[in-house]
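Coordinate inspection notes
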Amino acid sequence: MIGSVRGIYFTKNKTYNIVAIQNTKGGNGHFERAVEWFEKSAKRDKYKVAFLETMNPKLGFWLEKRGYIKNENNYIKCLA
């Protein structure tokens, strides 16, 4: 992925589905850049971005500030 960020994702139904994402060296901005990459790619491809089964309240709050909508334990942003 980007720098110190690693994760697992797949595409289905015109959505980038992020299953797991981790920045192994926090504070370097790589996590934000990885999310920006997904968002730019989704906009280009007319896809959505979804963070699946997000149980971390800090991440959920951060995603909501970026315009993601909570749906049960998922956060989804339409960029099409």
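Residues numbered from 1 in each chain as written. Predicted model: local features only at pLDDT ≥ 70, side-chain atom pairs only at ≥ 80, totals over all residues. Heavy atoms only, no water.

As a further point, take helix α1 (residues 30-45). Under the 1.5 Å per step criterion, the end-to-end length of α1 is 22 Å for 16 residues, consistent within 8% with the ideal 22 Å. Burial in α1 covers these residues: His30, Phe31, Ala34, Val35, Phe38, Glu39, Ser41 and Ala42. Structurally, α1 contributes buried residues whose contacts are with β1 (5-12), β2 (15-23), β3 (48-51), α2 (57-65) and β5 (74-78). Positive backbone phi, at 60°, marks Lys46, one or two positions downstream of α1. (Helix = DSSP H or I, 4+ residues; strand = E, 2+ residues; numbered from the N terminus. Expected span 1.5 Å × (residues − 1). Buried < 20%, exposed > 50% of the residue type's maximum accessible area, 1.4 Å probe, protein only. Contact = heavy atoms within 4.5 Å.)

Let us now look at the side chain of Ser4. Here Ser4 shows up in the segment before β1. Here the side chain of Ser4 touches Asn28 through a polar contact of 2.8 Å, side chain to side chain. (Polar contact = N/O pair within 3.5 Å; in protein donor to acceptor, adjacent residues only side chain to side chain.)

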